[in-house]
Amino acid sequence: MTTDELARRVDALRADMERTRADYEQIMVHLAGLSSALTDESKRRALELFATVVATDYELKVLLLQDLSYPTDREVWEKYMALLSWAAIDELPPKIGIEYREAGRAFKDALKPIKSDGDYMSNLTEIRNRVVAHRDLEGGDHWLAQWHLTAITNKHNGRSVVQSTASSSRR
């Protein structure tokens, strides 16, 4: 992709984010209002699940825009994209309750190709566990510093920290 094409796509995404941000805020305000009036636990769980999906979608788009807009800080944006991706892939499916079995099954089926990509899931889990979600300051492993060093090196070599068998087979 040329620099001009990338710039056009970033501008289009930035313009689309204005509408997306307004939609996101409107949906979240509406869900908060509905949630405060609900006493039925299953309906409340449904609203919380929906809010989680809406927030995850919005946050991934924001981080992608930041990654594209500020590639010099790629290691920061990718770290948080990895955390959100891991949460959506690994944590969200079990939270889809029995009431939403069909939706949960469809979501899990859609995630199968991602979850079966061993390299990608291994990288994603390591970033989540060692770099973003659990910062171990006492263990002495210094995973955060190592991850940033790897990310900076990969950035200068035009690669990403998160690798996939799907992406490596295309090279």
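Here the structure is shown first, and the text comes after it.
**Q** In this structure, what is going on with a nonpolar patch on the surface? I would like to understand it.
**A** Taken together, L6, L64 and L68 make up a surface patch of nonpolar side chains, about 200 Å² in accessible area. Following the sequence through the fold, L68 ends up in helix α2 (residues 41-69).

**Q** Whenever I open this one, the pattern of salt bridges confuses me. Can you help?
**A** Think of it this way: side chains of opposite charge can pair up when their charged atoms draw near. One pass over the structure, following the stated rule, counts 11 salt bridges. A network of salt bridges, in which partner residues are shared, links E5, R8 and R9.

**Q** Would you explain the packing of aromatic side chains in this entry?
**A** Two aromatic rings, taken as a pair, are described by how far apart their centres are and by the angle between their planes. Counted under the stated rule, the structure contains one aromatic pair. Summarising the aromatic geometry, the rings of Y24 and Y58 are spaced 4.1 Å apart at their centres and angled 5 degrees between planes, so their arrangement reads as stacked. On the criterion of sequence distance, the pair formed by Y24 in helix α1 (residues 3-37) and Y58 in helix α2 is long-range, its members being 34 residues apart. For Y58, a relative accessible area of 12% puts it in the buried group.

**Q** Any chance you could explain the side chain of S85 here in plain terms?
**A** Structurally, S85 is set in helix α3 (residues 74-95). Residue S85 is classed as buried on the basis of its relative accessible area, which comes to 16%. In this structure the side chain of S85 is engaged in a polar contact, spanning 2.8 Å, whose partner is the backbone oxygen of M81. Residues within four places of S85 in sequence aside, it is in contact with L60, Y120 and L124.

**Q** Any chance you could explain the nonpolar core here in plain terms?
**A** Within soluble globular proteins, side chains that are nonpolar tend to cluster in buried spots. Counting nine residues, the largest nonpolar core is built from A82, W86, I89, L111, Y120, M121, L124, I127 and V131. At the level of secondary structure, the elements contributing two or more residues to this core comprise α3 and α5 (118-132). Sort the elements by how many residues they give to this core and α5 lands first, with five residues. Other than its neighbours up to four places away in sequence, I89 contacts L111, I114, K115, Y120, M121 and L124. Residues V10, L13, M17 and L65 belong to the second largest nonpolar core, which totals five residues.

**Q** Can you help me understand the packing of α3 against helix α4 (residues 101-115) in this one?
**A** As a packed pair, α3 and α4 sit with axes 11 Å apart at the nearest point and diverge in direction by 150 degrees. For the crossing formed where α3 meets α4, the hand is left-handed. Residues A88, I89, D90, L92 and P93 of α3 pack against F107, K108, L111, I114 and K115 of α4.

The rules behind these values
- Residues numbered from 1 in each chain as written.
- Predicted model: local features only at pLDDT ≥ 70, side-chain atom pairs only at ≥ 80, totals over all residues.
- Heavy atoms only, no water.
- Patch = residues over 30% accessible without salt bridge, like charges linked within 9 Å, V, L, I, M, F, W, Y side chains within 5 Å.
- Areas by Shrake-Rupley, 256 points an atom, 1.4 Å probe, with all protein chains shown as cover.
- Salt bridge = Lys/Arg side-chain N within 4 Å of Asp/Glu carboxyl O.
- Helix = DSSP H or I, 4+ residues; strand = E, 2+ residues; numbered from the N terminus.
- Phe/Tyr/Trp six-rings, centres within 6.5 Å; stacked < 30°, edge-to-face > 60°.
- Buried < 20%, exposed > 50% of the residue type's maximum accessible area, 1.4 Å probe, protein only.
- Polar contact = N/O pair within 3.5 Å; in protein donor to acceptor, adjacent residues only side chain to side chain.
- Contact = heavy atoms within 4.5 Å.
- Core = buried A, V, L, I, M, F, W, Y, C linked by side-chain atoms within 4.5 Å.
- Axes fitted to C-alpha atoms, helices over the stretch in contact; angles between N-to-C directions.
- Left-handed = near helix turned anticlockwise from the far one by under 90°.

In short, shape yes, function no, at least from these values alone.
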